[in-house]
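Each chain, letter by letter, is given below.
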Amino acid sequence: MKALSVCGPLPPATTTPAVPRVERTIAIARFCLAVVGVLLLWADPSQAAPGRGTAFVLLASYAAIAAGCGAMLRRPPASPWAFAVATHLVDVAMATAVTLLADAPGSPFFLVLNFPVITAAYRWGLVETLCTAALSTSLLAIESPWVTAPSLAAVSAAVAGGTAAARPFVRGAYLSALALLVGSLMEQEHRRRRETALMARLLSQIRLGQPLADSLDVALRTVGDAFRARRVVVVMPSAFTLGNLFFGFWSIVSAFNGNFRWAGWFIVFAAILDMLDG
């Protein structure tokens, strides 16, 4: 294989996701989640009883933030990535705060903590989802006696008094399992969507009657976008390699037909070309 055909520097990939549509969907889900949390807290005062007023203020503020984010998305943000990261951090902080105020083991407010994990998988992929779960677990652990207790004796007393000390770590394990499952599924879905978009782009740009060089250039650039490559190198077989393959193939065909004399000569020709090919 000696002849190389090199495609020049590739342009930036044009198969970017529809960020406004994704963010609008998340904004609507965020607002609905916050409103449902406020209604749930109002209908069932036993939820987050120790800090019910604080939880109510947090959820109401969260609903206002969600409405503001939805209003901002009437126009595409100047920096979609920065907007997504900022709102994601707000989701993690709010969910952690509300969950810490809900002391009941079966509190439905734990669903609020799942929201950032699901949106991370919907926005990005597996790595970002696992990072979100790790960040949420770390914030939960800050309030745990394992971290804030002044001494080992205080930690032992807290654990002996109940399961509250270990609750953040149990919730963290749930989040990690959810992040691994949802992140893996969405990673495959994102990859499938990228491949579908690239194939659609390839088929839309190649036309019947188009010069072969232009069609090959479009195909190479599409492959480069798929692998996020700056350059695409196509390795073409040389004439010696093609001749070697040709005589080797016909040597096998001649031997099957019982023409061993020509099969031997084809092997000799193939060996000579293979030597010239290097």
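Up top is the structure these notes are about.
Now for a description of the structure that goes with this document.

Procedures and definitions
- Residues numbered from 1 in each chain as written.
- Predicted model: local features only at pLDDT ≥ 70, side-chain atom pairs only at ≥ 80, totals over all residues.
- Heavy atoms only, no water.
- Salt bridge = Lys/Arg side-chain N within 4 Å of Asp/Glu carboxyl O.
- Helix = DSSP H or I, 4+ residues; strand = E, 2+ residues; numbered from the N terminus.
- Buried < 20%, exposed > 50% of the residue type's maximum accessible area, 1.4 Å probe, protein only.
- Contact = heavy atoms within 4.5 Å.
- Core = buried A, V, L, I, M, F, W, Y, C linked by side-chain atoms within 4.5 Å.

1. Thoughts on the pattern of salt bridges
Move 1: Summed over the entire model, instances satisfying the criterion amount to four salt bridges.
Move 2: A salt bridge links Arg123 to Glu23; the shortest N-O distance between them is 2.7 Å. Here Arg123 is found in helix H4 (residues 110-123), whereas its partner Glu23 is found in helix H1 (residues 19-43), with 100 residues between them in sequence. This pair shows no difference in class: Arg123 is buried, exactly as Glu23 is.
Move 3: In this structure, Arg30 engages Asp91 in a salt bridge whose closest nitrogen and oxygen atoms are separated by 2.8 Å. Of this pair, Arg30 sits in helix H1 while Asp91 sits in helix H3 (residues 80-101), and the two are 61 residues apart along the sequence.
Move 4: By relative accessible area, which is 2% here, Arg30 ends up buried.
Move 5: Here Asp91 falls in the buried class, since its relative accessible area comes to 1%.

2. Notes on the side chain of Asn114
Move 1: Mapping Asn114 onto the fold places it in helix H4.
Move 2: The class of Asn114 is buried, set by a relative accessible area of 13%.
Move 3: If sequence neighbours within four positions are ignored, Asn114 has contacts with Leu175 and Leu178.

3. A short note on the nonpolar core
Move 1: Ala95, Phe110, Val112, Leu113, Val117, Ala133, Leu140, Leu175 and Ala179 together form the largest nonpolar core, which totals nine residues.
Move 2: Secondary structure elements with two or more residues in this core: H4, helix H5 (126-142) and helix H8 (167-205).
Move 3: Broken down by element, the residue count for this core peaks at four residues, all from H4.
Move 4: The contact partners of Leu113, leaving out residues within four places of it in the chain, are Ala95, Thr96, Thr99, Ser136, Leu140 and Leu175.
Move 5: If you look at the next biggest cluster of nonpolar residues, it comprises seven residues, including Ala34, Tyr62, Met94 and Phe115.

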